[in-house]
Structure formats: C-alpha cells, structure tokens
Amino acid sequence: MSLFINIPEDSEQLPSLKTGQGKLLWIASVDHKQIGIMYLWLALFFFVVGGLEAMLIRAQLAIPENTLISPELYNQIFTMHGITMIFLVAMPALVGFATYFLPLMIGANEMAFPRLNAFGFWITLMGGFLMYFSFFAGGAPNAGWFNYVPLSENNYSSAPGVDYYIIGLILTGIGSISAALNFITTTLTLRSPDIKLNMVPLFVWMVFINGFLILAAFPLLNAGLFMLLIDRQFDAHFFIPSSGGSAILWQHFFWAFGHPEVYIMALPAFGIISEVVPVFSRKPIFGYKFVAVSSIAIALLAYSVWLHHMFAVGYSNTVNSFFAISSMLIGIPTGLKVINWIGTMYKGSIQLTVPMLFVVAFLIDFTIGGLSGVSFAIVPIDWQLTDTYYLVAHLHYVFVGGVIFSIFAGLYYWFPKMSGRMLSAKLGKWHFWLFVIGFNLTFLIQHILGIIGMPRRIYTYPDLPNWELMNVLSSIGAVFMFAGMVILFWNLYTTLKKPRSAPEDPWDAWTLEWHTPSPPDLKNFGEIPRVYSRRPLWDLKHPDKPDKRLN
Amino acid sequence: MFQTTNVELIDKLFIYFLVVAGIIFLLVVFFVFYYLFKYRRKQTAEEPEQIHGNEKLEYSLTAVAILITGIFTYLTIDTMRKVQDIPDNPEPFVQIIGHQWWWEAQYPETGVITANEIHIPVGKKVLVQLNSDDVIHSWWVAQLGRKMDMIPGITNYVWLYADKPGEYLGTCSEFCGAQHAGMRIRVIADEERAFNSWSQQQLEPVAQLDDPLFKKGEKLFEEKTCTNCHAINGTPFTMKVGPNLTHFASRKHFLGDLKVNNEENLRAWLHDPQNVKPGAKMPNFIFSDQEVDALVEYINNLK
Amino acid sequence: MKDKGTLLAYFIIASEAFFFIALIIGYVYYRNFSDATDTVAKYLDAGRTGIFTIFLIASSFTLIYSKKALFNNRIGQYKLFMGLTILLGIVFMVGQATEYVGLYQEQITLNKDVFGASFFTLTGFHGLHVILGLIALSILYGISFGNYRNVTKAGIGGVDVYWHFVDIVWLFVFFFVYITPLL
C-alpha cells in the first residue's frame, strides 16, 4: 500500500469562462489569460479614478490662493492619486501582461499555480476597493503615499484613512507576492523543454528577475505596515518619538521597499520595450546578454540606494557618500539599456506603428526622467531640490514617461492577441499625440517650478512671479492628457464591438505567443514548435538564415 | 573676506550636472531621430541584416559611464563636505523649532524668542539648530542654504548665509499635514546694527498702555484662555503651544507668513481662524465684535 | 527542479525571511541605536525559554524521521513521529503562552514602550507562524487516518520546508531577544 501518489498534472479541466456558461465563472476562473485580462481591466478602472484625482489636483493648482478644494480633501486626493497610480494601476497592468504572456512566451499551457494566480488577483482587487472604501468611512488616507510617521500616527491623523491604507497595502502586497511566486516557479518549471533559461524572451526574463525583487521588497513594507498598525490600533510606540519610538525607522523600512518598488515597475516595462523595439525595427535586440545582465545588476543595486530618498534627513557625509555612489552606479545599467534599444533601431527597418511611437516617446522621456534621477544622487543638488516640483516632475517622467508609455506600447502591441481585434491605428495616433504632448506640457515645466521654489504637496501657493503662468500651462497639459485618454477609451469601445478579425501574427513577430490563434484557445498550445534560438518564429519563417542555435 | 557661498557651490554643481546631462540627452535625441529618419521602412523592404550586438561598444560605453560617475562622485563628496561642515560642538546662533504650522525661533546668545519672521545678520555664516515639536518638517530657504529636515527627537544643523540685506522667502518642504502649504518662511537679513537694535527691541518688556480698550483686551486675553497656548514675556503665561506674542506687532506677517499683519487680517483671524487658515490649531472662540476690538487693540500694541 | 510545490515553499520562506529580518532589525535598532534601555529583557528567563526551544528543535528532527518513514512506506512510524512533531510544537506554544501571561502579570504589555511592542510583535508573529505550521501538520496527520491517497509527497515536501524555517527563525529570535541582553 502506498500512502502517496504523484499529483496528476492537469487531469481535470480548470474552471474558465471558456469551459462553460455562467457569470460566476468570471469569479471561479483560474485561466491565466482571463486573469491577465481582469488585471488589465482593474488597472484601467483605477487609471480612470486616479486620473480624475489628478485632474482635480491640476484644477486646484491652476490659480494661486485657490479655494476650490479644502486642504483636508486635497491631502486625501493627492495621497490616493499616488497610491492608486502605483499600486492599483502600474503594478496590476504589468502583472496583468505578465500573467497573460509569460506562459505563452515560454510554451506553457498554464501558470505553475493557477489557483494562487486567481487568489493574487482577487486579493489585489480587495485591497484596492478597501482603500477606496475609506472615503465613505470617515476619510481617505491623507499622509502621502509614503505615509511618514509621526504624521500618520493617531495623534496627527486620527481619521481611519491611514488604517485603510495599511490594510489595503498589506492585501495588495500579498497579491503581488503571490504573482511573483507564480512568475518565478512558472519560469523555472514550465518552460518548454527546448527553452533554456538564457533563451527566454526578455519580457519573461525581466518579469522573472522582478519576481525576486517583489519577494524581497514587499515583506519589508509589510513589516513596517504591521508595526504602524500595532501603533495605531494597540497604542504601541514604535514610531512615536515622544515616547521612545523612532521617526526615522519607518522611512528606512519604507524606502528599502520603496526604491526597489520603482524598479519593480520599471523592469517589466523595460521588458515590454525590449519586445516591441526589435519587432518594429525588424532586428533582434541589440545585446541580449547586456540587457539581461544589466537587469540583474539593477535588481541587486536597487537594495543599496534607498537612503537617497532621505538625504535631507541629516545623516553624516560618510553615510550619504556611500548612497550617493550606489545611486549613481544604478544609473549605468539603466543607461546601458537605453543604448541597447537605440542600437536595435540602428540599421533596422523601422515601422512607426502606434506601439513603436510610444517606444520612441519612452526613449526620449524616460531619458529625461533617468537623468533628472541622477541629479538626486548628487547629494548637494538633492539638498536643494528634493521634495519640490522638480522631484514631482522627475517621478512622473519615470512613472508616466517610463512605465505608462511602456504599458500603452504593450497594450497596442498585444491587444490583437488578447482580444482578436486590432485597435484603430488612426485613433491610436490621436491618443499618442494628445497624451505625449500633454504629458510633456504638464511636467517639463514643473522642473522649473521646483527650481524656483515650489514645494510638493501644497494645496495652494502664493501669487509669486511666474508661478501662476507655469501652473496654468501645467494644468492645460493635463487637459490634453485627459483628452488622449478619452480617445483611448473610445478606441477600446469601438474596437471591442467589432467582430474578431485579427490574424494570428499581425506584426510578423518572433516570440511564441504569436504562434497561437488570436485570442488563444483555453489550452494555449496544441503542439509547441521546436525551439532552437531566442526567436523561434524567425527560424520558422526564415529557414534559410536561422539565428544561432542555443540548445 | 571673499568666498564662495554654499548656495553658489551647489549651483555650480548643478550647472556641471546640467551640461553633462544635456549632452547625454541631446545624443539620445539625435540618435533616436536620426535612426528613425534614416532607417524608416521602405515600401518593398526585405528584412535588414540581423545584427545581434556589439560587445566592444557596450563595454567602452560602460567605461565612459563609470568615468563620468567617478568625476561626479568626487564633485559630490567635495561639495558635500564644504556645504555641511558642522563643528563637533556646535554652538547655534539660532534654534528654529517647527510646529504644525508655524516656526519658533530662539536666539541662545541674547535670549530673544520670536516666531515665523526670523532675523539674521548679513554677511555672516550663522549656524542654525533645527528641531521639531510634532511631526517632520523641513527647513528650506533656497537662497540662504541647503534644505534640512526637522525631525522630532533628532537635532540637525545647517549654515545660513545672506550676502545682502533683504527678505528671503522659503517654505516647509516635508509634508506635515493640513496646512503644509501655510507654513512659509520669511528670513529677514539685517545689517549688523539693525539686527542688534531688533534684538534689543525684542528683549524689552511687554508693552503697557493705560488705554481702557487695551486693558480690556489684556484681561480678555487671559480670561478667554488665550494664555493656555500663547506666552507673553514678563507674565506668568509661558505656554509654547502657539507663537510667543510678546512683540507680535513688530512682525510684518503672521500665520506662518500667510498673511500681512494688519488690523483687517487680524480681525478676520480672531473671528474665524478656520476660515483664514483651514486646519489651523487655533480654535474659534466665537468672540463678539467688541471683544475682537479689544483683543486687536491689545495685540496690535505689543510692539 | 521537478517538484514545483517544494520550489514554491522555498520561495515563500525566502520572502518570509525578509519579513522576520525586518522585524529583528527593528528590535536591534531600538536596542542599540536609540537612547532607550531595554525594559523587557530583565524579565525574560532565558533558561526556561531555552528548554522550550529544545522542544521546538526536537520537533524538526522528528519531522525529518516521519518524512523518511513516509517515503519508506512505514506508515506506523510515520504516524508516530508526525504525532510527536505536533505534540512538541504544542508544548512550545504552551511555553510561549505561559510566558506571555507571566509578562502581563508584571505589567509588561504591548503598549508599555518600544521594547514591549518589539518583543510581542516579534515573538507574536513567530507564534502565528508556528500555529499555522501546526495546522498544516495536523491536516497532513489527520488525512493519513482517512483517505491515504490524498497524502502526497508534495504536501509534506512543502510543509516540512516551512516547519524547519519556523524553527530556524526561532533560533534567531531567541538569540537576539534572550541571549544578547545577557552578553
């Protein structure tokens, strides 16, 4: 008699909308493609919410001494704008793409743990809704997205908003950790037998590295969050200086998470760029090895730079020097990637499709964000410009110019695969131009606003020379971005109403996901083609001049 | 004595950064658009030559990047040492304490205590001690020196330097709650003589008038529990929850530099503080017009 | 690696390890880098807790034996050692509970000061992990009486990694909270 049996693989069909009828399957489904799409809808929904909050912020700041929004409400709005865009838009959108395409790109039929995958989505959704429920429960979080103590302690923020912030972030954090566990184990165990780890598409590689970043970063945040929760709910004093606690420890916990978090969003975005540039330049990625290895360098360095968020805290010059050096160093692997993307365009045959347009905008605007980021590693410059609008401009160039542009590129690139329909290129170009021009109008000028002295997070400002002019321009830019988003939604709506017509491989691309029908069947691959190189479909299409064989 | 000020040192470093960053940015823009233009897809295009990379290029560019990093590391550490050279036993010229949402200033040498409008002498590097009474604030007057956080439980020091007399504006730079925006700084740099006479004047005992309205205001100030938060030197009332009002009328602005100190603004403030500065800690006492008259008369004569 | 369940367990505990590192850093920070003196340490009895620590460590070894027995199809032995593992875990938790009660009688509570807070947070989160492990072990134990086929290699493969991790974390907690104040 045997006490155990080996677990049978996929003996029963997993629940999915494609296996039966009934609305409940939206909840019960564990199909990675459907969960990926639900992640994207979640991100899109919260993008609208966070975008409206941004519009309110720009409306309030358009004129000096404005009384449109009360300071208490303004603080809730900018806090929720930050949390929403980071944890409920950028993260779910990238996790959504990864959930959908990671198995497809490595020739797998499912994630390693489909139920864990569904759990991750639903708990992220739960965390998001919980945070927004706070608006009806006595006030939203109002201490900024990094929620510095002691401002976020009971004495100074007695409304329950911060508690919702804590619980909400713990939940979405658990969701992210589940997703990361799945990405890592899937990449390690479910690759098609032909595919070695140095042959996976760069998007898969970045998501894989990213998984480790998530696993190591979120627990640090969770530890800090639990301590703060214990402070607020059980009257402990971890972070209350007047009774023996520390006002600084929270900052260490938060930024030891917070800086890797920047790369947690940036790495998959880099992955999308690394997929889109080659396809529309008709050339393989320039320096695969360098792009891949520099991601590891970024992931490791990401844990040694957090103090550059705290240069104004007053640490000794020695401590600051160490973090200045590591923060400058992390710019090198990132810069190397930009060089590789431009190198991919060199001697290519460039098609300016909508995804490629967003990549071009990414290359320009992310370079601005990256360079202004280096100025914060130069400690004395940080001492003048941190926590001003210069910093606001910098972080938006990284998060919008870097991450959101990549997400748009990915959306236009993969939409035919996910829905079976091509998004309108004409509307896409309108979206592109309005959004990119609006974005640069809004944020380029904020660099100067910061340099002339406007601090961030103020709900209004005095009528000083030129402040109003620059803020009005900035607000006008926001209107352009808003218009661009309206067009994107119109494009999605009209396209989704049309019948399915997209071919299997509309872009003539080279990775395995394009070897499936659009959209793929429940079982991704009937049979997986033999893979010998990093571009299996190139080898199939060009048997006369295949890539170098790697296995 | 002629020397580069801290602000000039930082500005110089920023210019160096801008030049290098500008060159890198222009190179990126140039190559992106040049390649876009030159390698646009032709109508009957065959697949281009499949280039997989160029290791030599990557290594040499990495070396260039490391070199630039090295130079800036040196400049950073050098400037940092010059800007932030605090002696081992610092003797601050003035101690500034951040409160939600105003600034308290104490001059240890003379014993002057004031609020919001901070006076310093011109042409002299003054060492400032920074503390916080509640949450984290950040001291920043861009023209006078670097930014530094004020953290409860921690003492920080910065140098301030004004090369010509005048009023310098700054602001709290760490989000500190509802009226973060209403926590502005005004530093007034005076010539040595003017600064000394200002100090003398601040040390004088509190004004006393025989005017009955003034007397009524003085009595109200005590009866209406203003003294629970505000100190007046030379009286038993020494609470430091709100600004010290002994020489309130000598300040040109009040409420964390939010409003000009005139009768109209003072009246509006006493009538309904939340309307003037929403979120401020001062409660609405629902004073009658006569009471406001008396209080304004009293406070406005505290020169 | 073939067994994705064990792999998953390894990555989960790697992530959990960062969580406990953060909590331990918090404790060490308050001990060594703040002006406060440790008010809790003098009430702790390292000897008594040391004995309970031995019980917890022993449970790791019994779990190793029970796993070995399971793989060699010695069902009786498997049940014996698994039961012993659970029992040792429970003994440890009883030790923790009595210690908490004793400290509360000395007026040492979560909201006393940073050391009260750090102590209960650190040991409390560890205790929660032990309880979680006990639940997982009990499930494995329970189903070995019923439908045998549901007890799988993967099941015990994941749980044993987790249980050993909980033990190792306790060694660190024990060292930093109980031993270092004596040094």
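Residues numbered from 1 in each chain as written. Chains lettered and ligands numbered in written order. Predicted model: local features only at pLDDT ≥ 70, side-chain atom pairs only at ≥ 80, totals over all residues.

Enquirer: Give me the lowdown on the domain arrangement of chain B, citing residues and values where you can.
Expert: Residue and element names in this part refer to chain B. Along its sequence, chain B is organised into domain 1 (6-39 + 54-83), domain 2 (94-203) and domain 3 (212-300). Each of domain 1 and domain 2 was reduced to a C-alpha centroid, and the two centroids are 35 Å apart. Looking at side-chain class alone, the side of domain 1 that touches domain 2 contains 3 nonpolar, 1 polar and no charged residues. (Domains from an automatic or database assignment. Nonpolar A, V, L, I, M, F, W, Y, C, P; charged D, E, K, R; others polar.)

Enquirer: So what's going on with the interface of chain A and chain B? Residues and values would help.
Expert: Taken together, the contact pairs 67 residues of chain A with 65 residues of chain B. Put simply, the parts of the chain that give the side of chain A that touches chain B at least two residues each are helix 3 (71-105), helix 8 (288-301), helix 9 (317-329), helix 10 (331-345), helix 11 (354-377) and helix 12 (379-385) of chain A. Top contributing element to the side of chain A that touches chain B by residue count: helix 11 of chain A, with 8 residues. Class assignment for the residues of the side of chain A that touches chain B results in 41 nonpolar, 20 polar and 6 charged. (Contact = placed C-beta atoms within 7 Å. Helix = DSSP H or I, 4+ residues; strand = E, 2+ residues; numbered from the N terminus.)

Enquirer: Kindly report on the interface of chain C and chain A, identifying the contributing residues and their values.
Expert: The interface is formed by 33 residues belonging to chain C together with 33 residues belonging to chain A. Among the secondary structure elements, those contributing two or more residues to the side of chain C that touches chain A are helix 1 (4-33), helix 4 (114-143) and helix 5 (153-179) of chain C. No other element matches helix 1 of chain C, which puts 14 residues into the side of chain C that touches chain A. Each residue belonging to the side of chain C that touches chain A can be placed in one class, and the counts come to 20 nonpolar, 8 polar and 5 charged.

Enquirer: How would you summarise the packing of helix 7 (residues 249-281) of chain A against helix 11 of chain A if you had to cite specific residues and measurements?
Expert: All names here are of chain A. At a minimum axis separation of 10 Å, helix 7 and helix 11 run at an interaxial angle of 120°. Taken together, the axis directions place helix 7 and helix 11 in an arrangement best described as oblique. Every pair of crossing elements has a handedness; the one defined by helix 7 and helix 11 is left-handed. Where helix 7 approaches helix 11, its residues Ile273, Val276, Val277 and Phe280 are matched on the opposing element by Pro355, Met356, Val359 and Phe362. When the residues that make up the contact of helix 7 with helix 11 are grouped by side-chain class, the tally is 8 nonpolar, no polar and no charged. (Axes fitted to C-alpha atoms, helices over the stretch in contact; angles between N-to-C directions. Parallel < 35°, antiparallel > 145°, perpendicular 65-115°, else oblique. Left-handed = near helix turned anticlockwise from the far one by under 90°.)

Enquirer: Can you break down the environment of Phe221 of chain B residue by residue, with the values?
Expert: Residue and element names in this part refer to chain B. Among the secondary structure elements, Phe221 is positioned in helix 4 (residues 212-223). Each C-alpha atom, one on Phe221 and one on Ile299, is 9.0 Å from the other, the two residues being 78 residues apart in sequence. Among residues more than four places away in sequence, those in contact with Phe221 are Cys226, Thr227, Leu295 and Tyr298.

Enquirer: Tell me what's going on with the arrangement of the chains, and back it up with residues and numbers.
Expert: Of all 2 pairs of chains in contact, the one with the most contacts involves chains A and B. When C-alpha atoms are compared, chain B and chain C, though not in contact, are closest at a spacing of 10 Å.

Enquirer: I'd like a description of the sheet that holds strand 1 (residues 94-99) of chain B, backed by residues and values.
Expert: All names here are of chain B. Spatial strand order, 3-2-1-5-8: 5 strands in an open sheet with mixed pairing. Of all strands in the sheet, those bounded by a partner on one side alone are strand 3 (112-115) and strand 8 (156-160). Strand-to-strand, the axes of this sheet are offset by a mean angle of 25°, without reference to chain direction. Sheet topology note: the strand 5 (residues 126-132)/strand 8 ladder contains 5 bridges and is antiparallel. Residue pairing across strands places Val128 opposite Val158, the latter belonging to strand 8. (Pairing = 2+ DSSP bridges.)

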